[in-house]
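One letter stands for each residue in the lines below.
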Amino acid sequence: MSSLIALGAGGAATVTSAYLLVGIRGNNKIKVDPDHVPYWAFGIGMLSANAGTAFQQLSGIGNKLGASFEGNAALGDWQSGATAALLTIAVFGLKPKPWKDVVCGAVAPSLYASAGGFWAIPASIFSGLISPFIG
């Protein structure tokens, strides 16, 4: 046995996505509080980084988002940390909306990793804690 749960990254991303989808609807036995959606989506984004091709598109979205701000001459000197801060403000500063929080939460890990420094800490801690469980 290589891990505690033995889901694999792709299986864990799929299971977590299904749990979030079922839970956010609120009509089922599984309930996900709208305030917790960014955390679930962040987990999906972390798991997708090591999953198959279908999930790896999420990290591409985060990288393209950062590149779109950094490559814009009208914004001047823009670093990826500024994009990470803007994303964090959008998630935690605005009212909880599942669609916004899922998208922002899912692309956050790749954006935080590309920003590096302080921003990479949540992704590093989560990745270190979860990898022994999923395999």
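Residues numbered from 1 in each chain as written. Predicted model: local features only at pLDDT ≥ 70, side-chain atom pairs only at ≥ 80, totals over all residues. Heavy atoms only, no water.

*Asks:* A description of the overall build of the protein should follow, citing residues and the corresponding values.
*Replies:* Tallying secondary structure elements over the protein gives six helices and zero strands in all. Counting over 135 residues, the protein shows a buried share of 33%. Counting contacts in the protein only where the partners sit at least 6 residues apart, residues at least 24 apart contribute 68% of the total. For the protein, the exposed surface amounts to about 7800 Å²; the carbon and sulfur share of it is 67%. (Helix = DSSP H or I, 4+ residues; strand = E, 2+ residues; numbered from the N terminus. Buried < 20%, exposed > 50% of the residue type's maximum accessible area, 1.4 Å probe, protein only. Contact = heavy atoms within 4.5 Å. Areas by Shrake-Rupley, 256 points an atom, 1.4 Å probe, with all protein chains shown as cover.)

*Asks:* Talk me through the side chain of K100; I want residue IDs and the actual numbers.
*Replies:* Note that K100 resides in helix 5 (residues 98-115). Those residues within four positions of K100 in sequence are excluded, and the remaining contacts are A90, V91, L94 and K95.

*Asks:* Now, about the nonpolar core: what can you tell me, with residues and values included?
*Replies:* Core analysis: the largest hydrophobic core is formed by 12 residues, namely F42, M46, A84, L87, V91, C104, V107, A108, L111, Y112, W119 and A123. Among the elements of the structure, helix 2 (37-48), helix 4 (80-93) and helix 5 are those that each provide at least two residues to this core. The greatest single-element share of this core, amounting to five residues, is contributed by helix 5. Excluding its chain neighbours within four sequence positions, the residues that come into contact with Y112 are F42, A84, T88, W119 and A120. By size, the runner-up hydrophobic cluster in this structure holds six residues, among which are A9, A12, A13 and F55. (Core = buried A, V, L, I, M, F, W, Y, C linked by side-chain atoms within 4.5 Å.)

*Asks:* Tell me about the packing of helix 1 (residues 8-25) against helix 2, and please be specific about residues and values.
*Replies:* Between helix 1 and helix 2, whose axes approach to 8 Å, the crossing angle comes to 160°. Classified by the interaxial angle, the pair formed by helix 1 and helix 2 is roughly antiparallel. Handedness of the helix 1/helix 2 crossing: left-handed. Residues A9, A12, A13, T16, S17, Y19, L20 and I24 of helix 1 form the contact with helix 2, whose participating residues are V37, W40, A41, I44, L47 and S48. (Axes fitted to C-alpha atoms, helices over the stretch in contact; angles between N-to-C directions. Parallel < 35°, antiparallel > 145°, perpendicular 65-115°, else oblique. Left-handed = near helix turned anticlockwise from the far one by under 90°.)

*Asks:* An account of the pattern of salt bridges is requested, with residue identities and associated values reported.
*Replies:* Inspection of the entire model under this criterion finds one salt bridge. Linking D101 and K100 is a salt bridge whose minimum nitrogen-to-oxygen distance equals 2.6 Å. Of the two residues, D101 and K100, both sit in the buried class. (Salt bridge = Lys/Arg side-chain N within 4 Å of Asp/Glu carboxyl O.)

*Asks:* Mind laying out the confidence of the model for the protein, listing which residues take part and the relevant values?
*Replies:* Looking at the protein, pLDDT values average 80 and 90% of them are 70 or higher. Mean pLDDT across the elements of the protein ranges from a minimum in helix 6 (residues 120-134), with 75, to a maximum in helix 4, with 88. (pLDDT = per-residue confidence, 0-100.)

*Asks:* So, the environment of G105: which residues are in play, and what are the values?
*Replies:* Tracing the sequence through the fold places G105 in helix 5. Accessibility expressed as a relative area gives 5% for G105, which makes it buried. Each C-alpha atom, one on G105 and one on V91, is 7.5 Å from the other, the two residues being 14 residues apart in sequence. Beyond its immediate sequence surroundings of up to four residues, G105 is in contact with P38, A41 and F42.

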